[in-house]
Amino acid sequence: MTIATTTSEAHSAGHEEHPDLRVWGLLTFLASESLMFGGFFATFLFFRGTTAVWPPEGSEVELLVPTINTIILVSSSFVIHFGDKAIKNNNVKGMQLWYAITAIMGAIFLGGQVYEYANLGYGLTTNVFANCFYILTGFHGLHVFVGLLLILRVLWRSRLPSEYSATNHTFIEMAEIYWHFVDIIWIVLFTLVYVLTLF
């Protein structure tokens, strides 16, 4: 009996629970993504500073749809935070509601971007500005799409009993952090590509 107990204790001691480092892993990934976007932004500013007319004639941007998209995306960051607060209060239904609304807002943002592309009148290879524009907005749009998949994954998994709770919500928190990252990148992108381009 004593030997069995000792063996069990030794087994437990050799298999201590490791800290959950998924959030730190995500933050490290987002830091690398920030560097990539930073490179894109620097390239955009370089071409802007070395090109006589920016944007070239025939490849202007318009502000209405992007501004609406910006309002939607920035607002969605507050909405998803409400979902995170809900699950920390053990309110799964509340989390599901706020995350569903965020998913809808993300889908509307992507729909607005597709609409914008369809009505611009120029393509990826039209000129340097168009090339930068499509790469920046397209790469960001890809990140929004990934964020949308993460949110849908949360909603799908939340159907399972006891999947998420006040003490078990790491993936929900990760989805929120990722969505805030997408939002911050868009604010910088919107300022550089749309607002400053008009001046």
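This write-up is about the structure you can find in this document. (Residues numbered from 1 in each chain as written. Predicted model: local features only at pLDDT ≥ 70, side-chain atom pairs only at ≥ 80, totals over all residues. Heavy atoms only, no water.)

**Brief notes about the overall build of the protein chain**
The secondary structure content of the protein chain amounts to six helices and zero strands. Helices (α) and strands (β) of the protein chain occur, in sequence order from the N terminus, as α-α-α-α-α-α. Rg of the C-alpha trace for the protein chain: 22 Å, well past the compact-globule value of 16 Å for 199 residues, more than 25% over. In terms of its C-alpha atoms, the protein chain occupies a principal-axis envelope of roughly 85 × 35 × 25 Å. (Helix = DSSP H or I, 4+ residues; strand = E, 2+ residues; numbered from the N terminus. Rg over C-alpha atoms; globule rule 2.2 N^0.38 Å.)

**Looking at a nonpolar patch on the surface**
Where nonpolar side chains cluster on the molecular surface, the patch consists of Leu142, Phe145, Val146, Leu149 and Leu152 and spans about 420 Å² of accessible area. Structurally, the position occupied by Leu152 is in helix H5 (residues 128-157). (Patch = residues over 30% accessible without salt bridge, like charges linked within 9 Å, V, L, I, M, F, W, Y side chains within 5 Å. Areas by Shrake-Rupley, 256 points an atom, 1.4 Å probe, with all protein chains shown as cover. Salt bridge = Lys/Arg side-chain N within 4 Å of Asp/Glu carboxyl O.)

**Focus on the side chain of Ser76**
Mapped onto the secondary structure, Ser76 falls in helix H3 (residues 64-88). Taking the relative accessible area as the measure of exposure, Ser76 reaches 1% and is therefore buried. Not counting residues up to four positions away in its chain, the partners in contact with Ser76 are Thr102, Met105 and Trp179. (Buried < 20%, exposed > 50% of the residue type's maximum accessible area, 1.4 Å probe, protein only. Contact = heavy atoms within 4.5 Å.)

**Description of the packing of H3 against helix H6 (residues 170-195)**
Two numbers describe how H3 lies on H6: the axes approach to 10 Å, and their chain directions differ by 160°. Relative to H6, the element H3 is oriented roughly antiparallel. Between H3 and H6 lies a crossing of left-handed hand. Contact residues: Pro66, Thr67, Thr70, Leu73, Val74, Ser76, Ser77, Ile80, His81, Asp84 and Ile87 in H3; Ile172, Glu173, Ala175, Glu176, Trp179, His180, Val182, Asp183, Trp186, Ile187, Phe190 and Tyr194 in H6. (Axes fitted to C-alpha atoms, helices over the stretch in contact; angles between N-to-C directions. Parallel < 35°, antiparallel > 145°, perpendicular 65-115°, else oblique. Left-handed = near helix turned anticlockwise from the far one by under 90°.)

**Some words on the packing of aromatic side chains**
In the structure shown here, the tally under the stated rule is 21 aromatic pairs. A ring pair is formed by Phe44 and Trp54, whose centres lie 5.4 Å apart and whose planes are at 75°; its orientation type is edge-to-face. Here Trp54 lies in the loop between helix H2 (22-50) and H3 and Phe44 lies in helix H2, a separation of ten residues in the sequence. Just as Phe44 is buried, Trp54 falls in that class too. (Phe/Tyr/Trp six-rings, centres within 6.5 Å; stacked < 30°, edge-to-face > 60°.)

**Quick notes on the environment of Thr197**
Looking at where Thr197 falls in the secondary structure, it is placed in the segment after H6. Linking Thr197 and Glu62, residues 135 residues apart in sequence, is a C-alpha distance of 10.0 Å. In this view, Thr197 contacts Phe44, Trp54, Pro55, Val61, Phe129 and Leu192; residues no more than four positions away in its chain are not counted. A polar contact is formed between the side chain of Thr197 and the backbone oxygen of Leu192, at a distance of 3.4 Å. (Polar contact = N/O pair within 3.5 Å; in protein donor to acceptor, adjacent residues only side chain to side chain.)

**Quick word on the pattern of salt bridges**
Counting across every chain of the model gives two salt bridges. In this structure, the salt-bridge partner of Asp84 is Lys88, at a minimum N-O distance of 3.0 Å. Here the residue Asp84 and the residue Lys88 both occupy positions in helix H3, the gap between them amounting to four residues, near one helical turn. We classify Asp84 as buried; its relative accessible area is 2%. Judged by relative accessible area, Lys88 falls into the partly exposed class, the value being 41%.

**Digging into the nonpolar core**
Phe44, Met95, Tyr99, Phe133, Val154 and Tyr194 are the most contacted members of the largest nonpolar core, which has 47 residues in total. For this core, the secondary structure elements donating two or more residues are H2, H3, helix H4 (92-119), H5 and H6. Sorting elements by how many residues they give to this core places H6 first, with 15 residues. Those residues in contact with Tyr194 that lie beyond four places of it in its chain are Val61, Glu62, Leu63, Pro66, Glu116, Phe133, Thr137, Trp186 and Leu189. (Core = buried A, V, L, I, M, F, W, Y, C linked by side-chain atoms within 4.5 Å.)

**Regarding the packing of H4 against H6**
Across the interface, H4 lies against H6 with an axial gap of 13 Å and an inter-helix angle of 30°. For the element pair H4 / H6, the angle class is roughly parallel. Every pair of crossing elements has a handedness; the one defined by H4 and H6 is left-handed. In contact with Met95, Tyr99, Thr102, Gly106, Phe109 and Glu116 of H4, H6 contributes Ile172, Ala175, Glu176, Trp179, Trp186 and Tyr194. Across the contact of H4 with H6, the residue classes tally to eight nonpolar, two polar and two charged. (Nonpolar A, V, L, I, M, F, W, Y, C, P; charged D, E, K, R; others polar.)

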